[in-house]
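# Notes for the structure review
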Amino acid sequence: MNAHDTWIAFYTILRKEIVRFMRIWSQTLLPPVINQSLYFIIFGAYIGSQVKSINGIPYMAFIVPGLVMMAVITSSFTNVVSSFFGSKFQKNIEELLVSPTPNYVIIAGYIMGGVARGILVGAIVFAISALFTHPVIYNGWIVALFVFLTAVVFSLGGLINGIFATKFDDVSIFPTFVLTPLTYFGGVFYSINDLPPLWQTLTKFNPILYMVDGFRYGFFGVSDINVSFSIVMLAAFTFILAFAAVYLLQKGTGLKS
Amino acid sequence: MDALNIQNLTKTYATGTRALKGVDLRVKSGDFFGLLGANGAGKTTIIGIMTSLVKKTSGKAEIFGYDLDKDLNKAKKEVGVVPQEFNFSIWEKVIDIIVAQGGYFGVPRSVAMDRAEEILNALDLWSKKDQTARTLSGGMKRRLMIARALIHHPKLLFLDEPTAGVDVELRHGMWKYLNNLNANGTTIFLTTHYLEEAEELCRDVAIIKEGEIVRNDSVKNLIRSLEKQTYILTVETSKGRKPVKGFDVRVIDDATLEVDLHKDQTMSLLIHEFHENGYVVLDVRPKGNRLEQLFLNILQNK
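Residues numbered from 1 in each chain as written. Chains lettered and ligands numbered in written order. Predicted model: local features only at pLDDT ≥ 70, side-chain atom pairs only at ≥ 80, totals over all residues. Heavy atoms only, no water.

## Some words on the interface of chain B and chain A
By a frequent convention, interface size equals the accessible area lost on bringing the separate parts together. Taken together, the contact between chain B and chain A spans 30 residues of the former and 26 residues of the latter. Residue B:Glu92 is joined to A:Lys16 by a salt bridge in which the shortest nitrogen-to-oxygen separation is 3.3 Å. Counting every contact that joins chain B to chain A gives 16 residue pairs in polar contact (both at pLDDT 80 or more). Only α2 (72–77) and α3 (94–104) of chain B provide two or more residues apiece to the side of chain B that touches chain A. Counting residues per element, the side of chain B that touches chain A draws most heavily on α3(B), which supplies 5 residues. (Contact = heavy atoms within 4.5 Å. Salt bridge = Lys/Arg side-chain N within 4 Å of Asp/Glu carboxyl O. Polar contact = N/O pair within 3.5 Å; in protein donor to acceptor, adjacent residues only side chain to side chain. Helix = DSSP H or I, 4+ residues; strand = E, 2+ residues; numbered from the N terminus.)

Here it is in structure tokens:
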């Protein structure tokens, strides 16, 4: 395929993905927005009013980046895993597999679909946070970089989950038993500096910490971890997962007998 | 140039099933080729390998000279496939399914829209373009898959039992469409369980049995190779008529006879002999399908 054909193939996959999640917006956009709004109300407005500020930031404002990031992570992961597994289940993934679309383009199309949904949901959640606190952005580029890379990483994670999934249960195991605990322990609701030393060390093995912390830096200009280190970590995750996804698709894992 | 060239192709699935045991097959460009075989003989596996949905174990496969091991994407560009099972998203609209497939082959959306209109009209599906696929009947779904496979104008079309479950009228309509397509230069590779379909459409056929090609010839030659063909004769009456010598005749009822015509006998001779013996022959038709007889003979090792 030449560059023009490749672009058309990529655009087709991306368009299809966006049309898909917009068509079922009540399942794809609404639930995370409602969830995060409840967090704002319960943890922010009610419990948060009784919590002291963290790193000089009011608690309500402190949890905004974490909650936005939570929505981005969940939405981008879920979008790709459900769409890809759905295509496998209905066998319409074969439409792509019989075509000359290169594997990296298939991956890019699905990933950007996940990124689009993640960022859209994140933007809505951020807009809702304005009802509870005055939003501030310290460095828009950092915010954009972290939200984009995080959405890419979790979209790739969703794709790999989708490649291996053989039944619907497999689609929900990772989000339930891995993603949710990691997100909760990733510093969404607290600063790791407030944890005992052992827990601080353990938390540093959690990749979500770097995403939430770097993202929060973009809003307030303060962080628990060096931001450059967080960017390197995110870039490393992106590279490793992208490589794994290309390898698995090339090998036909879960797709070809 | 051959549209398809397969050499010593083998496939052993992870379960240990040897689906293909060294298949050699060539299909000429422009041919209407039929691959016949019982369920599980290896027909779908061959199509799966040629369309890259199944990984071969060993052997060589080429499409229009493109080696699938070296130039897979170039080969894919020349191929359209209509699989046995429905494999589209039932939640998508007919037009979206077809236009997206064009996109995967690099066909711009505006071009794909025009082509989709032309193909859907030809397949009598244009009025359903805005319906989701799940609302279509079985026959419409089959035609949708044909339309989808043609959106990028492939030079080689694989049809894996395309008329399964389709009513007689629709099937004949699809035959006409496929014949036109072939007449316009598209090479067609068909698998079917309807032997009359293969006899009607194909110029060349191969018969596959347990992963091996056991016959590969033109339909004409295969039919000629039959030792005998059975015909049903409708006569005014057979009462009081003398037996016809030289033919195996079985009386079904007063007006219906079953006659075996051996390889060395002609239809003219048969009619003549019956006429000489006082029969008034009203109608002659083959009993069953001729290719079917051959197919059964081969499968039963006769």
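That shown, we press on.
## So, the sheet that holds strand β12 (residues 248–253) of chain B
Residues and elements named next belong to chain B. Spatial strand order, β12-β13-β11-β14: 4 strands in an open sheet with antiparallel pairing. Two strands bound the open sheet, and with one partner strand each, they are β12 and β14 (281–286). Recorded for the sheet is a direction-independent mean angle of 25 degrees between the axes of neighbouring strands. Examined bridge by bridge, β12 and strand β13 (residues 256–262) share 5 bridges and lie antiparallel to one another. Counterpart to Val 249 in the pairing with β13 is Val 259. (Pairing = 2+ DSSP bridges. Axes fitted to C-alpha atoms, helices over the stretch in contact; angles between N-to-C directions.)

## Let's talk about the domain arrangement of chain B
Residues and elements named next belong to chain B. Under the domain assignment, chain B is made up of domain 1 (2–223) and domain 2 (227–299). Between the C-alpha centres of domain 1 and domain 2 the distance comes to 38 Å. At the junction of the two partners, domain 1 supplies 13 residues and domain 2 supplies 9 residues. Together domain 1 and domain 2 conceal approximately 1100 Å² of surface at their shared face, both sides included; 71% is due to carbon and sulfur atoms. (Domains from an automatic or database assignment. Buried area = accessible area lost by both parts, 1.4 Å probe.)

## Concerning the sheet that holds strand β6 (residues 79–82) of chain B
Residues and elements named next belong to chain B. In spatial order, the strands read β6-β7-β8-β3-β9-β10; together these 6 strands make up an open sheet with mixed pairing. The open sheet has two edge strands with one neighbour each: β6 and β10 (212–218). Strand after strand, the sheet turns through a mean of 15 degrees between neighbouring axes, direction not considered. The pairing of strand β3 (residues 32–37) with strand β9 (residues 204–209) spans 5 bridges and is classified as parallel. Within the sheet, the bridge partner assigned to Leu 35 lies in β9 and is Ala 206. Contacts from helix α5 (residues 138–150) reach β6 and β7 (156–160), with the element oriented near 170 degrees to β6. Packing against the sheet, helix α6 (residues 168–183) makes contact with β3, β7 and β8 (187–191), and its axis sits at approximately 145 degrees to β8.

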